[in-house]
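Listed here are the chains, written in short residue letters.
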Amino acid sequence: MAKQTAPVNKNTIVEVTFEDLTHEGQGVAKVDGFPLFVPYGLPGEKATVKVVKLQKGYGFARIMEMSEASPDRVEPPCPIYKECGGCSLQHLSYEGQLRAKQKHVQDVMQRIGGFPDVNVLPTLGMDNPWTYRNKAQVPVGEREGGLIAGFYQKRSHEIIDMETCMIQGETNDQLVQHVKEICQKYGVEAYNEKTHKGNLRHIMVRTGANTDEIMLVLITRTKDLPHRKAILEEVVEAFPNVKSIVQSINLKRTNKVIGDETRVLWGRDVIYDTIGGVKFAISAQSFYQVNPEQTEVLYGKALEYAGLTGDETVIDAYCGIGTISLFLAQKAKHVYGVEIVPQAIEDAMRNAELNGIRNVKFEAGAAEDVIPRWVEEGVEVDVLVVDPPRKGCDASLLETILEMKPKKVVYVSCNPATLARDLRVLADGGYGVGDVQPVDMFPQTGHVECVALIELK
Ligand code: SAH
């Protein structure tokens, strides 16, 4: 129990032992039961820390001197690790990261889901946990009249210029650099968040890992893009694998990156990539997993948990461009996919056609609205796959699942907290929670993806 009054004050210097690690990579130490969150502290380490801030019930501190370092501690290889808000676990060995993620999922299952005994398997990691990202999305700004593009500083919207990111695919970094230089040369104005003036907001690059096709997206505040022709020519000349250049117009004052209106400036409106032998068309607005190597591992697990024999009717809720749906359709009788972004559903239909897969049906809409209607229309589901965004499944969708009673639910989740919350609802409604498999889709960061198998008792 946390005490009412803090046993430390601001600026108190105290010797602590770290007991835990938050998913944001902060060490947790307790002083007479009062938790202190300390950047870069690792479980088992002893250090002298200085309290920098107190809140009700907890505080923040900074490491002054390490007296006993963890055997899992490594020198972060990235030179900008401490400033950048992207990675948070580079000071922990990769093996240590995988263990920490498994433990985090176990803790959350227990604390939020009330599942003390659920079987959380060891995290499936990568052989080379670097340069894995197929997508770069960098904010553009100005400094002393020059264009900068890179990353947001930790806990801020201050842009820091960057040339390479160690978790980013190399071609993505090179193209971002090139675009930055060209835009600088032609005097393209960077967008300014504070004044909502200027134009170029973000540069986004996506590469098909198995096709090497590249899409460049220039996200602008206005419809204008001066020197457009010259910019495009220079990009295509230097990067012949660029198959699509798109402008996305985002008129709003918002943190959302991609705007509502897109137009093709050069080439196609999509690039192609393959996952496990299935070919996918990907457009600028659509969600597509950022770690292609681990996506195959993740989808492979989902397929294994679905245990299809060829006779099953499957629903893939939150289907995006139909990646999981088409993966499963090869082994199922019929797959229904639902997704809220209409453009993604257009891609999904196109992807089904591209692969000659006919036993699928896609519909645009909210899963919680569309699935109850399918049930009313007589669709009988054997396996339901859900892969919701971070906020988890809509409560009414969980109710629908309990009414539909599919034999199996395969839950793919990018947020263990909402996974645990939703599994509790399904468990209370008559389902048994089987294995939970963490998959490391985002090495060096605190994020962890899970696949869980839930079966009707
Ligand atoms: N399964 C896909 C996409 C997962 S990401 C893949 O692996 O690629 C989650 C998806 O859910 C996004 O495409 C998002 O647009 C969609 N989404 C968000 N809220 C939704 C809702 N209420 N109903 C259906 N889809 C939703």
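### Remarks on the layout of surface pockets
Reasoning step 1: Quantified by volume, the second largest pocket comes out at close to 610 Å³.
Reasoning step 2: Taken together, 26 residues line the second largest pocket, and the ones lying closest to its centre are D20, L21, T22, H23 and H104.
Reasoning step 3: Breaking the lining of the second largest pocket down by element, the ones donating at least two residues are β1 (13-21), β2 (26-31) and α1 (94-111).
Reasoning step 4: Examining the composition of the lining of the second largest pocket, we find that eight residues originate from one element, α1, more than from any other.
Reasoning step 5: The residue inventory of the lining of the second largest pocket, partitioned by class, reads 10 nonpolar, seven polar and nine charged.
Reasoning step 6: A domain split of the lining of the second largest pocket shows at least three residues from each of domain 1 (13-68) and domain 2 (103-126 + 291-456).

### With respect to the environment of N415
Reasoning step 1: Mapping N415 onto the fold places it in the loop between β19 (408-413) and α9 (416-428).
Reasoning step 2: Overall, N415 belongs to the buried group, its relative accessible area being 13%.
Reasoning step 3: For the pair N415 and V49, spaced 366 residues apart in sequence, the C-alpha separation works out to 31 Å.
Reasoning step 4: Aside from chain neighbours lying at most four places away, what touches N415 is R390 and V448.

### So, the environment of V451
Reasoning step 1: Here V451 shows up in strand β21 (residues 449-456).
Reasoning step 2: Non-local contacts of V451, meaning those with residues more than four positions away in its chain, are made with L298, K301, A302, Y305, V410, Y411, V412, D435, V436, Q437 and V439.

### Things to note about the packing of aromatic side chains
Reasoning step 1: Summed over the entire model, instances satisfying the criterion amount to six aromatic pairs.
Reasoning step 2: Judged by centre distance (5.8 Å) and plane angle (80°), the ring pair of F37 and Y58 falls under edge-to-face. Placement of the pair is F37 in strand β3 (residues 34-39) and Y58 in strand β5 (residues 58-68), with a sequence separation of 21 residues.
Reasoning step 3: A relative accessible area of 21% means that F37 is categorised as partly exposed.
Reasoning step 4: Classification of Y58 as partly exposed rests on a relative accessible area of 31%.

What counts as what
Residues numbered from 1 in each chain as written. Predicted model: local features only at pLDDT ≥ 70, side-chain atom pairs only at ≥ 80, totals over all residues. Heavy atoms only, no water. 1 Å grid on protein atoms, 1.4 Å probe; cavity = no way out; pocket = protein on both sides within 12 Å on 5 of 7 lines; lining within 4 Å. Points joined across faces, edges and corners; volume = space filled by probe spheres on them. Helix = DSSP H or I, 4+ residues; strand = E, 2+ residues; numbered from the N terminus. Nonpolar A, V, L, I, M, F, W, Y, C, P; charged D, E, K, R; others polar. Domains from an automatic or database assignment. Buried < 20%, exposed > 50% of the residue type's maximum accessible area, 1.4 Å probe, protein only. Contact = heavy atoms within 4.5 Å. Phe/Tyr/Trp six-rings, centres within 6.5 Å; stacked < 30°, edge-to-face > 60°.

These results come straight from atomic positions and should not be treated as a statement about function.
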